[in-house]
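# Observations on the model geometry
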Amino acid sequence: VQLQASGGGLVQPGGSLRLSCAASGTIIDINYAAWYRQAPGKQRELVASITASRNTNYADSAKGRFTISRDIAKNTVYLQMNSLKPEDSAVYYCNARVTTSRGVGDYWGQGTLVTVSS
C-alpha cells in the first residue's frame with residue numbers, strides 16, 4: 001500500500017487549499033485516516049481524522065475551518081482547508097490504517113508543504 005499526498009502550495013492568508021491522499025494497492029478498506037502536520041521546530045500534530053463510518057475529529061485549531069472527507073471508490077482522503085492562517089504553514093502528512101488481503105497495516109504518505117504567506 002502506498003499513500004500519495006498532494007495539493008500543498010503557497011496561498012495567501014484567508015485562502016483555501018484542498019489536500020488529497022490517494023491510497024494505492026490491494027485495498028479492502030481504509031479503516032481510519034488522518035492528516036497530521038509538522039511545522040519547523042515543532043512536533044508533529046494531529047489535524048483531523050476520519051473513521052470508516054465517517055466519524056470525524058479535529059484539532060481545536062482546525063475546527064470550523066478544515067473539513068476531512070473520504071471517497072471510498074477512489075480510496076482517497078481529502079482535507080479541505082479554508083480561512084488559512086500563517087500558523088497553518090507546515091508539512092502535512094496523511095496517515096491511514098488500511099485493510100488488505102494480508103491484514104491491517106498503518107501507512108504514511110510523504111509530506112506536502114503548505115505555506116500561508118502574503
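Anything mentioned here points back to the structure above.
Basis of the calculations
Residues numbered from 1 in each chain as written. Predicted model: local features only at pLDDT ≥ 70, side-chain atom pairs only at ≥ 80, totals over all residues. Heavy atoms only, no water. Pairing = 2+ DSSP bridges. Helix = DSSP H or I, 4+ residues; strand = E, 2+ residues; numbered from the N terminus. Axes fitted to C-alpha atoms, helices over the stretch in contact; angles between N-to-C directions. Phe/Tyr/Trp six-rings, centres within 6.5 Å; stacked < 30°, edge-to-face > 60°. Buried < 20%, exposed > 50% of the residue type's maximum accessible area, 1.4 Å probe, protein only. Salt bridge = Lys/Arg side-chain N within 4 Å of Asp/Glu carboxyl O. Core = buried A, V, L, I, M, F, W, Y, C linked by side-chain atoms within 4.5 Å. Contact = heavy atoms within 4.5 Å. Disulfide = S-S within 2.5 Å.

### Things to note about the sheet that holds strand 8 (residues 76–81)
Remark on secondary structure: sheet strands pair via backbone hydrogen bonds, oriented parallel or antiparallel. Strand order in this open sheet of four strands is 1-3-8-7, and the pairing throughout is antiparallel. A single partner strand is all that each edge strand has here, and the edge strands are strand 1 (2–6) and strand 7 (66–71). Averaged over all neighbouring strand pairs, the angle between strand axes comes to 15°, with direction disregarded. For strand 7 and strand 8, the ladder comprises six bridges, and the chain directions are antiparallel.

### Comments concerning the packing of aromatic side chains
With the rule as written, the count across this model stands at one aromatic pair. On the numbers, 5.0 Å between centres and 50° between planes, the contact of Tyr 36 with Trp 108 is tilted. Of this pair, Tyr 36 sits in strand 4 (residues 27–38) while Trp 108 sits in strand 10 (residues 103–108), and the two are 72 residues apart along the sequence. Residue Trp 108 is classed as partly exposed on the basis of its relative accessible area of 39%.

### Some points on the pattern of salt bridges
A complete count under the given rule lists five salt bridges for this structure. Among the ionic pairs, Arg 37 bridges to Glu 45, the shortest N-O distance being 2.7 Å.

### Examining the nonpolar core
Trp 35, Val 47, Phe 66, Ile 68, Leu 79, Met 81 and Tyr 92 are the most contacted members of the largest nonpolar core, which totals 30 residues. Contributing elements (two or more residues each) for this core: strand 1, strand 3 (17–24), strand 4, strand 5 (45–51), strand 7, strand 8, strand 9 (90–100) and strand 11 (112–116). Those residues in contact with Phe 66 that sit more than four places away from it in its chain are Arg 37, Val 47, Tyr 58, Leu 79, Gln 80, Met 81, Asn 82, Leu 84, Asp 88 and Tyr 92.

### Here we look at the state of the cysteines
Evaluated as defined, the whole model comprises one disulfide. One disulfide in the model links Cys 21 with Cys 94; its S-S distance is 2.2 Å. Its S-S torsion of approximately 65° makes the covalent link between Cys 21 and Cys 94 right-handed. Taken together, the residues span a long stretch of sequence, with Cys 21 in strand 3 and Cys 94 in strand 9 at a distance of 73 residues. Under the relative-accessibility criterion, Cys 21 is labelled buried at 5%. By relative accessible area, Cys 94 is classed as buried at 1%.

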